[in-house]
There are 2 protein chains.
Amino acid sequence: MQLSETVEWGLHACLALAMMPDGARIPARALAEYHGIKPSYFSKAMQRLVSAGIVRSIEGRSGGLAMARPAEEVSLLQIVQALDDSGGFFRCTEIRQKGPCAAASKHYRAPCTIARVMHKADAAWRRVLSETSLADLRHATTQELIPGVSEATEAWLKETGAVRGL
Amino acid sequence: MQLSETVEWGLHACLALAMMPDGARIPARALAEYHGIKPSYFSKAMQRLVSAGIVRSIEGRSGGLAMARPAEEVSLLQIVQALDDSGGFFRCTEIRQKGPCAAASKHYRAPCTIARVMHKADAAWRRVLSETSLADLRHATTQELIPGVSEATEAWLKETGAVRGL
DNA sequence: GTCGGGCTACTCGGATATTGGCTGTCCGAGTCTGACTGG
DNA sequence: CCAGTCAGACTCGGACAGCCAATATCCGAGTAGCCCGAC
């Protein structure tokens, strides 16, 4: 089982948005091209982030995308869940109640032992992601820049005029 | 995103097998019926556990399934990975190297910050499951038995003659 | 009575359809920009 | 010179196909047990 590829896209996109100065916005098409992603499906992922209140979309001719909240108030878990949420990896279908030897459903109040362990693992996974904010990610990324990328990015943004609102 | 339903089946099946006395075996068909699962696809899940070395299959007329190893030596992670393994939930496709502003691939030795956090979350998930053995699960289950199920199970097994090899 | 052989029934294992959801694409509604026109 | 108006182009958002993997099913190869017959 694997997370949707849109999760990776959304994380990189949010990281890029969080690095832009306040008030700036960039069209989804340009953001996709910058990451080498096909824009059509990428915009669908951004839609989900918008409806989740993480990303803000500005319409119109010089519109684009921007973070809706400060990076400090956005956890990676929120991003991931907005893009690929099924309420946890493990879903207990209560098969212990389904066999020919099951008791009355009245007796199955507490979750079964298997579900408890699996949900504990799910919680551990979510915990790591909820404890990391987008600002943490941004800080770590700026600490280990790849040589030349910042300059190339700035030049590319200037050349294409993708960033607006400054 | 969600784990395959076969994971739940496999966990319950292994728990049931681990509760049987040594030397006993039960056909996959009976094990599926006991859990209220359609046998056809269930057997495919059991196949994977067999090829992973977790479950042993005895062929022939009075054949069936049994644990291949003691329950103490089987972690839940092994069961889950045998049934639904994709090498972790998050897969980094290195999109940071794919845009028009990427540097030479020589400079991307270390994993990117996003992948690092996601892999850390994956590790936390796997850790919980690797620290729980099937014997732990069996112990916890016997501590909180549902009233009447043990008796009904024993009667059903005797009635259908599903268990062999005693 | 005992041993051997063959038959039967039952098991697992893999080859084969089917379905649901993620992936990928497109076009329409809405809106901001910018220029043009009139005062 | 300035304000109002209008056309234009570009944006997001949702509706519409395609494809892959998980699901579901079936049948065949193989084996252990059991019955029968011969010695």
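The coordinates are above.
Conventions adopted
Numbers given to residues run from 1 along each chain, matching the order in which its sequence is written. Lettering of chains starts at A and numbering of ligands starts at 1, both following the order in which they are written. Only residues with pLDDT of at least 70 are given local features in this predicted model, and only at 80 or more are side-chain atom pairs given and counted; all residues enter the totals for whole chains, interfaces and linings. Only heavy atoms go into the side-chain values, all of them from the structure, while hydrogens and water stay out. Here a strand pair is declared whenever DSSP counts at least two bridges between the two strands. Only runs of H or I of at least four residues qualify as helices and only runs of E of at least two qualify as strands under DSSP, and these elements are numbered from the N terminus. To superpose the copies, least squares is applied to the C-alpha atoms of every residue with a pLDDT of at least 70 in both. Contact definition: two residues touch when any of their heavy atoms are within 4.5 Å. For each residue, the test is whether any non-hydrogen atom lies within 4 Å of the molecule or strand; if one does, the residue is near. By the criterion applied in these results, polar contacts are pairs of N or O atoms within 3.5 Å in which, for protein atoms, one can donate a hydrogen and the other can accept it, and in which residues neighboring in sequence qualify only through two side-chain atoms. Three residue categories are used. Nonpolar comprises Ala, Val, Leu, Ile, Met, Phe, Trp, Tyr, Cys and Pro, charged comprises Asp, Glu, Lys and Arg, and polar comprises the others, including Gly. One side-chain nitrogen of Lys or Arg within 4 Å of one carboxyl oxygen of Asp or Glu is enough to make a salt bridge. Remark: exposure states derive from per-residue accessible area (1.4 Å probe, protein chains only) relative to the maximum for the residue type, with buried under 20%, exposed over 50%, and partly exposed in between. Lines are fitted to the C-alpha atoms to define the axes, a helix being fitted only along its stretch in contact, and any angle between axes, read from their N-to-C directions, falls within 0 to 180 degrees. Orientation is classified from the angle alone, with under 35 degrees giving roughly parallel, over 145 giving roughly antiparallel, 65 to 115 giving roughly perpendicular, and any other angle giving oblique. Handedness of a crossing is defined here by the sense of rotation of the near helix relative to the far one, left-handed for an anticlockwise turn of less than a right angle and right-handed for a clockwise turn. Take the accessible area each of two parts loses on contact, using a 1.4 Å probe, and add the two losses: that sum is the buried area.

Draft legend 1. Structural view of the pairing of strand β1 (residues 55-58) of chain B. Residues and elements named next belong to chain B. Pairing of β1 with strand β2 (residues 64-67) involves four bridges; the strand directions are antiparallel. By the bridge assignment, I58 is partnered in β2 with G64. Linking β1 to β2, which pair antiparallel, is a turn of five residues; within it G60 sits at a positive phi near 100 degrees.

Draft legend 2. Quick peek at the relation of the copies chain B and chain A. When chain B is fitted to chain A, the residual RMSD is 0.0 Å, and the transformation amounts to a turn of 180 degrees plus an axial shift of 0.0 Å. The symmetry that links the two subunits is that of a two-fold axis. Of every C-alpha in chain B, the one belonging to W125 of chain B sits nearest the axis of rotation, 2.6 Å from it. When you check the interface residues of chain B against chain A, 100% turn up at the interface there too, and the contact is symmetric in its surfaces.

Draft legend 3. Up close: the protein's contact with DNA strand D. Close contacts around DNA strand D come from 19 residues, with Q47 and G60 of chain A together with S4, S40 and Y41 of chain B the closest. In DNA strand D, atoms within 4 Å of the protein come from the sugar-phosphate backbone in 73% of cases. A28 of chain A is positioned such that a nitrogen or oxygen atom in its backbone is 3.1 Å from a phosphate oxygen of DNA strand D. Within the contact set of DNA strand D, a base nitrogen lies 3.0 Å away from a side-chain nitrogen or oxygen of Q47 of chain A. Where the surface near DNA strand D is concerned, the elements lending two or more residues are α3 (39-51) and β2 (64-67) of chain A together with α3 (39-51) of chain B. Classifying every residue of the surface near DNA strand D gives five nonpolar, eight polar and six charged.

Draft legend 4. Quick look at the protein's contact with DNA strand C. DNA strand C sits among 20 residues. The nearest are S4, S40 and Y41 of chain A together with Q47 and G60 of chain B. Sugar plus phosphate, as a fraction of atoms of DNA strand C within 4 Å of the protein: 68%. Take R164 of chain B: an N or O atom from its side chain is 3.4 Å from a phosphate oxygen of DNA strand C. Elements with a contribution of two residues or more to the surface near DNA strand C: α1 (5-19) and α3 of chain A together with α3 and β2 of chain B.

Draft legend 5. Representation of the pattern of salt bridges within the structure. Counted under the stated rule, the structure contains eight salt bridges over all chains. For R138 of chain A, the salt bridge is made with E72 of chain A, and the minimal N-O distance between the two is 3.5 Å. Of this pair, R138 of chain A sits in helix α6 (residues 134-143) while E72 of chain A sits in the loop between β2 and α4 (76-83), and the two are 66 residues apart along the sequence. Judged by relative accessible area, which is 53%, E72 of chain A ranks as exposed. In this structure, R116 of chain B and E144 of chain A form a salt bridge, with 2.8 Å as the shortest nitrogen-oxygen distance.

Draft legend 6. Quick look at the packing of helix α5 (residues 113-130) of chain A against helix α5 (residues 113-130) of chain B. As a packed pair, α5 of chain A and α5 of chain B sit with axes 8 Å apart at the nearest point and diverge in direction by 160 degrees. With respect to their mutual orientation, α5 of chain A and α5 of chain B come out roughly antiparallel. Note on packing geometry: the crossing formed by α5 of chain A with α5 of chain B is right-handed. Packed against α5 of chain A, whose contacting residues are V117, M118, K120, A121, D122, A124, W125, V128 and L129 of chain A, the element α5 of chain B presents V117, M118, K120, A121, D122, A124, W125, V128 and L129 of chain B at the interface.

Draft legend 7. Highlighting the interface of chain B and chain A. Counting from both sides, the interface comprises 60 residues of chain B and, opposite them, 60 residues of chain A. In total, about 5,000 Å² of surface goes out of reach between chain B and chain A, with carbon and sulfur atoms giving 71% of it. When the buried area of chain B at its contact with chain A is split by residue, M1, I95 and C101 of chain B rank highest and sum to 16% of it. Where chain B touches chain A, the interface holds 14 residue pairs in polar contact (both at pLDDT 80 or more). Among the elements of the structure, α1 (5-19), α2 (28-35), α4 (76-83), α5, α6 (134-143) and α7 (149-160) of chain B are those that each provide at least two residues to the side of chain B that touches chain A. Per-element accounting of the side of chain B that touches chain A gives the leading share, twelve residues, to α5 of chain B. Per-class residue counts for the side of chain B that touches chain A are 34 nonpolar, 13 polar and 13 charged.

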